[in-house]
Amino acid sequence: MHNATGTSFHKHNRTLVVALGWYAIIGCALFGISILVADFVVPDHNWISDTISDLGAGRYEFIVDVGLYSFSAALISVALLSAHVHLGGTRWGLGTVGFAILGLIVFLVGARNEYGDSDSEGVVIHIYLVYGLGLLMAALPWLMSNGAASVSRMTGRLLRILSLLWAISAPVFFFLPTSIDGIYERYLGLIACSVVILMARLFVRHARRTSPRDQASRTSPPAPLPHSAEATR
């Protein structure tokens, strides 16, 4: 039996949904904390002019790498949640795959260690990863907005706004002077984390709305009608 959002929620493991949702939020927090820590630890770093990529190169690269891996896992968590709590439609399915790919891209950004050090040896794919990340971050909130709106109209509306905001803001980064591109990149990171947190919060709230009693009522067969004395005669 399906609820109003088109998903048979009694089949879902509520604990798993809530755990993945909270991890996605925590992963974003760890990403932000790692950048703040690196801002203070990395010597001669200017957080206004120096980008996150600059923090990810050199002696203290492991600090930002931890944050990138945490954010990558947060994106994978959203992909798993989107597949587990499928809110219907082709757009939602494409968005689910897109979040998984985006998680892989962020992981590769950290694992390849090509950023911030003018690396030119071998095959350098960092710029292509950045392009892929930019395109997916513009598309994914829009792809998920209709499904999200079936649970929360406000979340669906906010996802559309963030999609438009990213699509307008992200290309500007490539034309900024290097004196301010660091702080602008952090602004873009805030948009990306907002998308993940919105999606995670949607799943957590959706899981908690369905009580165990509701789940039991959806799965248990209807009680037989009582037989009256006259009906048996």
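Rules and cut-offs
- Residues numbered from 1 in each chain as written.
- Predicted model: local features only at pLDDT ≥ 70, side-chain atom pairs only at ≥ 80, totals over all residues.
- Heavy atoms only, no water.
- Helix = DSSP H or I, 4+ residues; strand = E, 2+ residues; numbered from the N terminus.
- Buried < 20%, exposed > 50% of the residue type's maximum accessible area, 1.4 Å probe, protein only.
- Contact = heavy atoms within 4.5 Å.
- Areas by Shrake-Rupley, 256 points an atom, 1.4 Å probe, with all protein chains shown as cover.
- pLDDT = per-residue confidence, 0-100.
- Axes fitted to C-alpha atoms, helices over the stretch in contact; angles between N-to-C directions.
- Parallel < 35°, antiparallel > 145°, perpendicular 65-115°, else oblique.
- Left-handed = near helix turned anticlockwise from the far one by under 90°.
- Nonpolar A, V, L, I, M, F, W, Y, C, P; charged D, E, K, R; others polar.
- Salt bridge = Lys/Arg side-chain N within 4 Å of Asp/Glu carboxyl O.
- Core = buried A, V, L, I, M, F, W, Y, C linked by side-chain atoms within 4.5 Å.
- Patch = residues over 30% accessible without salt bridge, like charges linked within 9 Å, V, L, I, M, F, W, Y side chains within 5 Å.
- Phe/Tyr/Trp six-rings, centres within 6.5 Å; stacked < 30°, edge-to-face > 60°.

Novice: Please explain the overall build of the protein chain as it appears in this structure.
Specialist: When its secondary structure is counted, the protein chain shows eight helices and zero strands. When the helices and strands of the protein chain are read in sequence order from the N terminus, they spell out α-α-α-α-α-α-α-α. Of all 233 residues assigned to the protein chain, the portion counted as buried reaches 43%. Contacts in the protein chain between residues far apart in sequence, at least 24 positions, make up 75% of those at least 6 positions apart. Carbon together with sulfur atoms contributes 66% to the accessible area of the protein chain, which is approximately 12600 Å² in total.

Novice: What am I meant to see in the environment of tryptophan 47 here?
Specialist: Residue position: tryptophan 47 is located in the loop between α1 (14-41) and α2 (52-55). When neighbours within four sequence positions are excluded, tryptophan 47 is seen to be in contact with Asp39, Gly182, Ile183 and Arg186.

Novice: Mind showing me how you'd approach the confidence of the model for the protein chain here?
Specialist: Regions with low pLDDT carry predicted coordinates that are not meant to be interpreted in detail. Taken over all residues, the pLDDT of the protein chain has a mean of 83, while the share at 70 or more is 79%. Across residues 1-11 the pLDDT falls below 50, and counting only partners more than four positions away or on other chains, this stretch makes 24 contacts in the model. Here residues 228-233 is modelled with pLDDT under 50, and outside its nearest four sequence neighbours on either side it reaches one contact, counting other chains as well.

Novice: Looking at this structure, how should I read the packing of helix α5 (residues 126-149) against helix α7 (residues 181-209)?
Specialist: The relative placement of two packed helices comes down to the angle between their axes together with the axis-to-axis distance. It is the contact of α5 with α7, at a shortest axis distance of 11 Å, that shows an interaxial angle of 20°. Relative to α7, the element α5 is oriented roughly parallel. Two packed elements cross with a definite hand, and for α5 against α7 that hand is left-handed. Note on element contacts: α7 touches α5 through Ala192, Val195, Met199 and Leu202, opposite Met137, Pro141, Met144 and Ala148. Here the residues of the contact of α5 with α7 are counted per class, giving eight nonpolar, no polar and no charged.

Novice: How do you make sense of the pattern of salt bridges when you look at a structure like this?
Specialist: For side chains of opposite charge, pairing can occur when their charged atoms come near one another. Tallied over the entire structure, the rule returns one salt bridge. Two residues, aspartate 39 and arginine 186, come together in a salt bridge whose shortest N-O distance is 3.0 Å. A residue pair is termed long-range when its members are at least 10 positions apart, and aspartate 39 in helix α1 and arginine 186 in helix α7 qualify at 147 residues. Note on accessibility: aspartate 39 and arginine 186 belong to one class, buried.

Novice: Explain the packing of helix α3 (residues 61-84) against helix α4 (residues 90-112) here, please?
Specialist: At a minimum axis separation of 8 Å, α3 and α4 run at an interaxial angle of 165°. By the angle class used here, α3 and α4 are roughly antiparallel. Remark: the crossing between α3 and α4 carries left-handed chirality. Residue-level contacts link Asp65, Leu68, Tyr69, Phe71, Ser72, Leu75, Ile76, Val78, Ala79, Ser82 and Ala83 of α3 to Trp92, Thr96, Phe99, Ala100, Leu102, Gly103, Leu104, Val106, Phe107, Val109, Gly110 and Ala111 of α4. Class assignment of the residues belonging to the contact of α3 with α4 gives a composition of 17 nonpolar, five polar and one charged.

Novice: Explain the nonpolar core here, please?
Specialist: Within soluble globular proteins, side chains that are nonpolar generally end up buried alongside one another. Formed by 54 residues in total, the largest nonpolar core has its most connected members in Phe71, Phe99, Val196 and Met199. Broken down by secondary-structure element, the contributors of at least two residues to this core are α1, α2, α3, α4, α5, α6 (153-169) and α7. Ranked by residues supplied to this core, first place goes to α7 with 13 residues. If we ignore the near neighbours within four places in the chain, the residues touching phenylalanine 71 are Gly27, Cys28, Phe31, Val106, Ala192, Cys193 and Val196.

Novice: I'm lost on the environment of phenylalanine 99 in this one. Help?
Specialist: Assignment of secondary structure puts phenylalanine 99 in helix α4. As for phenylalanine 99 and leucine 140, which are separated by 41 residues in sequence, their C-alpha atoms are 7.3 Å apart. With residues near it in sequence (within four places) discarded, phenylalanine 99 still touches Leu75, Val78, Ala79, Leu140, Met144, Val195 and Met199.

Novice: Explain a nonpolar patch on the surface here, please?
Specialist: Nonpolar side chains collect at one region of the surface, where Trp22, Ile26, Leu30, Ile33, Val37, Phe40 and Val41 lie side by side and expose about 670 Å² of accessible area between them. Topologically, leucine 30 is positioned in helix α1. Given a relative accessible area of 37%, leucine 30 falls into the partly exposed group.

Novice: In this structure, what is going on with the packing of aromatic side chains? I would like to understand it.
Specialist: Geometry of an aromatic ring pair is reported as the spacing of the ring centres plus the angle between the planes. Using the criterion set out here, one finds six aromatic pairs in the structure. Considering the side-chain rings of tyrosine 69 and phenylalanine 107, the 5.2 Å spacing of their centres and the 40° angle between planes classify their relative orientation as tilted. Taken together, the positions of tyrosine 69 in helix α3 and phenylalanine 107 in helix α4 put the pair 38 residues apart, joining distant regions of the chain. Accessibility expressed as a relative area gives 32% for tyrosine 69, which makes it partly exposed. Note on phenylalanine 107: relative accessible area 40%, which makes it partly exposed.

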